[in-house]
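Secondary and tertiary structure notes
Okay, here's what each chain looks like letter by letter:
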Amino acid sequence: MIRADLLLDGIGDLATVSGPPSPRAGDRAGELGRIEDAAIAISDGRFAYVGRSRRARREVRVRPGGRTIDLGGASVVPGFVDAHTHLLFGGDRSDELIWKVEGLGYAEIVRRGGGLYSTVRATRRASTAALTRAALTRLDRMARDGTTTAEVKSGYALSHAGELRLLGIVPALSASSGLSLVPTYLGAHAVPPGPAGTRERYVEEIVRKTLPVIARRHLAAFCDVFCEPDFFSVEEARRILSAALSLGLGAKIHADEFELSGGARLAAELKARSAEHLLRTPLEDREALGRAGVTAVLLPTTPFASMSGTRSLGREMVDAGVPVALGSDLCPNSWVESMPIVLSHAVYAARLTPAEAIVAATANAAHAIGAGDRAGAIAVGRPADLAVFDLESVERIPYRIGSKPVQVYRQGIAISLS
Ligand code: ZN
């Protein structure tokens, strides 16, 4: 007999997305591990039973003081995993929206001294307490929309001490918010402003000084590089990521967003954990990613928010055999906190099937941030993170743009949605 603190019964459509820990690609890209007329039992914050309702009635006993909740035919998915956020930043860039409306591209806005550098100034000025408070309100909104695990990139300080300060905030955010957070060092987000020679000195500092400290203090699980013309070259990215890999960090790369930067090819060469954005990646490079087992982290709301007229290559990545994960890209340029919105864009713009989008936002996103053993699936023994939608099927989550969960559980505890 299985003892439980909480039994969620009457689930009309359950997507467990459970299975082997490797990311799902090709024919398996939309494998939801679906159970109809399902029940879930939770004990000590973990899934204790996942299966048919009928069998739960025989096998599960709710402990005295525990609860049984009838979800009345609702749909349930694993808590979403947001595989790409720039959560830690000061200020916002709402006044830039008008430049975007006028048709200026992101690189042009950066060249005018706006964009990323205005966020760097605001972040450097902000106190740690202010950055923490702002990040917690963002995490709270993310959680209300079903996110229970997220990656958090540094990258708006662009100095040794500043980047360490940002990464140092992440454990406290995780403890206060209850979300499971995976820190990524993105010191190479842009070249810090400064005189000639700053770029060479900064890359040198990242490789020789900052990365070793991050590895020693376990401040980040991954190192990421923004590999684009005017940011960091393929050679610089190779040097930084090779150093990170040799120190035991995982490698990620922002690639092929504005131009075909060669970043995806580098990700394949280094067997990086993920390559991210990938708006321009040609077939040959997509196939290289697939062969190398690199996960494509797609951010389908970013082209929309950047007004770039492009779209994420979701269908193309799946067809090339690349495992696809999703992220919000939450940042001042593309302020998205809701994974259901990301799922809708993944389907309507990037042309994933609804099932592929759900896999990409759960099991594959967990794999992309090294959390494949603990997040992104509803399976016995895992932390009980899940989202309940008052919809007849899980496919309706992306179909109905702006879907919101009616309840979210983190480690078996319902979060307050009020
Ligand atoms: Zn990014």
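Preceding block: the structure.
This part takes up the state of the cysteines. Across all of its chains, the model carries zero disulfides by this definition. You can see Cys-227 has no disulfide; the closest cysteine sulfur is in Cys-223, sitting 12 Å from it. The thiol of Cys-331 is not disulfide-bonded; the next cysteine sulfur, from Cys-227, is found 18 Å away.

Quick look at the packing of helix α7 (residues 198–217) against helix α8 (residues 234–246) now. Where α7 meets α8, the closest approach of the two axes is 9 Å, and the angle between their N-to-C directions is 10°. Judged by the inter-axis angle, α7 sits roughly parallel to α8. Across from Arg-199, Val-203, Glu-204, Ile-206, Val-207, Arg-208 and Leu-211 in α7, the residues of α8 making contact are Glu-236, Arg-239, Ile-240, Ala-243 and Ala-244. Class assignment for the residues of the contact of α7 with α8 results in seven nonpolar, no polar and five charged.

Next up on the list: empty space enclosed by the protein. As enumerated under the stated definition, the model contains four cavities of 30 Å³ or more in all. The computed volume of the largest cavity comes to approximately 120 Å³. Along its surface, the largest cavity is lined by 14 residues, and Tyr-106, His-189, Phe-226, Asp-329 and Cys-331 are the ones closest to its centre. Grouping the amino acids of the lining of the largest cavity by side-chain chemistry returns five nonpolar, six polar and three charged. Surrounding the second largest cavity, Val-17, Ser-18, Gly-19, Pro-20, Pro-21, Ser-22, Arg-24, Ala-363, Gly-372, Ala-375, Ala-377 and Arg-382 form its lining. Its residues placed into classes, the lining of the second largest cavity shows six nonpolar, four polar and two charged.

Turning our attention to the pairing of strand β1 (residues 2–15). Examined bridge by bridge, β1 and strand β4 (residues 60–78) share 10 bridges and lie parallel to one another. In the sheet register, Leu-7 faces β4, and the bridge partner there is Thr-68. As judged from the seven bridges shared by β1 and strand β2 (residues 34–43), these two strands associate in the antiparallel manner. Opposite Ala-15, over in β2, you have Arg-34 as the bridge partner.

How each quantity is defined
Residues numbered from 1 in each chain as written. Predicted model: local features only at pLDDT ≥ 70, side-chain atom pairs only at ≥ 80, totals over all residues. Heavy atoms only, no water. Disulfide = S-S within 2.5 Å. Axes fitted to C-alpha atoms, helices over the stretch in contact; angles between N-to-C directions. Helix = DSSP H or I, 4+ residues; strand = E, 2+ residues; numbered from the N terminus. Parallel < 35°, antiparallel > 145°, perpendicular 65-115°, else oblique. Contact = heavy atoms within 4.5 Å. Nonpolar A, V, L, I, M, F, W, Y, C, P; charged D, E, K, R; others polar. 1 Å grid on protein atoms, 1.4 Å probe; cavity = no way out; pocket = protein on both sides within 12 Å on 5 of 7 lines; lining within 4 Å. Points joined across faces, edges and corners; volume = space filled by probe spheres on them. Pairing = 2+ DSSP bridges.

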